[in-house]
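Close look at the chain arrangement
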Amino acid sequence: MEGNLVRALRGLLVDDDPRNSATIKRNLKHQFEGLGVEVAWEVADDSIEANEIVRQLAPFDFAIVDLFYSERSSDGLDATRNPSEKQFPDGFDVIKELHRKDPRTYSLLVTSRSDLRPAFRDEAMQYCKHAINRNELRDSPVWSFPVLARTIYEHVFFAGLIEGKQVDLDSDANLLAMVEEVGHSVASGAPFYGNEVV
């Protein structure tokens, strides 16, 4: 399946710390190259810039967005502002806008807060695929960069966000198993194009 995409993936990376952005981009670039996939990146260092990028350039194939707790207090909003007068979007608002533009975008909401509340995580899951602690990208085998790159690649391919070249299912047992797992019944030798079995 590797290298079967007909164009570069379009990725959005939003983080207020350029060191985090550089680390994520470098690691994912390396992993995507191993899959034979190029990525055209848009990078924003604040949520205002990110929302403008989303308005102008969406849809994206995937997005990794920092929650920007620096703009929020522990109860969810900047304590100095009335919630009804919220002036600045945060990472959660960026995820919502990405979802509104195209709900198929693979969005990952990341926070450095270790106390990501279950209620917030549940709300976030309405708009993104996952809400995780930043340390999970480094320490968790479930969210390692190789796993994340593969997960994004498979999501984009099977969600029909990007067209693929013809794939011989008989030559890729893993691909055949994934196609059957997502509900397609595939006859041996049937060509597969993007999200359709013909």
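None of these values were measured; they are calculated from a predicted model.

Procedures and definitions
- Residues numbered from 1 in each chain as written.
- Predicted model: local features only at pLDDT ≥ 70, side-chain atom pairs only at ≥ 80, totals over all residues.
- Heavy atoms only, no water.
- Core = buried A, V, L, I, M, F, W, Y, C linked by side-chain atoms within 4.5 Å.
- Buried < 20%, exposed > 50% of the residue type's maximum accessible area, 1.4 Å probe, protein only.
- Helix = DSSP H or I, 4+ residues; strand = E, 2+ residues; numbered from the N terminus.
- Contact = heavy atoms within 4.5 Å.
- Phe/Tyr/Trp six-rings, centres within 6.5 Å; stacked < 30°, edge-to-face > 60°.
- Axes fitted to C-alpha atoms, helices over the stretch in contact; angles between N-to-C directions.
- Parallel < 35°, antiparallel > 145°, perpendicular 65-115°, else oblique.
- Nonpolar A, V, L, I, M, F, W, Y, C, P; charged D, E, K, R; others polar.

Here is a general trend for soluble globular proteins: nonpolar side chains tend to be buried in one another's company. In this structure, Leu28, Phe32, Phe62, Ile64, Leu108 and Leu148 are the most contacted members of the largest nonpolar core, which totals 24 residues. Counting residues per element, the ones that place at least two in this core are strand S1 (9–14), helix H1 (18–34), strand S2 (39–44), strand S3 (62–66), strand S4 (106–111) and helix H6 (145–158). Take this core: its biggest share by element is six residues, from H6. Apart from residues lying up to four places away in sequence, Leu28 is in contact with Trp41, Ile64, Phe145, Leu148 and Ala149. In terms of nonpolar packing, the next biggest core, distinct from the first, is built from 19 residues, Phe60, Ala63, Val65 and Cys128 among them.

Turning next to the packing of aromatic side chains. Per the counting criterion, the structure on display carries five aromatic pairs. Ring geometry for Phe32 and Phe62: centres 5.7 Å apart, planes at 40°, overall tilted. Highlighted residues: Phe32 in helix H1 and Phe62 in strand S3, separated in sequence by 30 residues. With relative accessibility at 0%, the residue Phe62 sits in the buried group. Here Tyr153 and Phe157 contribute two aromatic rings whose centre-to-centre distance is 6.4 Å and whose plane-to-plane angle is 20°, an arrangement assigned as stacked. Here Phe157 and Tyr153 lie together in helix H6, a separation of four residues that amounts to about one turn.

What follows deals with the packing of helix H2 (residues 47–57) against helix H3 (residues 91–101). One can describe the packing of H2 onto H3 by two numbers: an axis separation of 9 Å at closest approach and a directional angle of 5°. In terms of orientation, H2 lies roughly parallel with respect to H3. Across from Ser47, Ala50, Asn51, Val54 and Arg55 in H2, the residues of H3 making contact are Gly91, Asp93, Val94, Glu97, Leu98 and Lys101. Among the residues making up the contact of H2 with H3, the classes are represented as four nonpolar, three polar and four charged.

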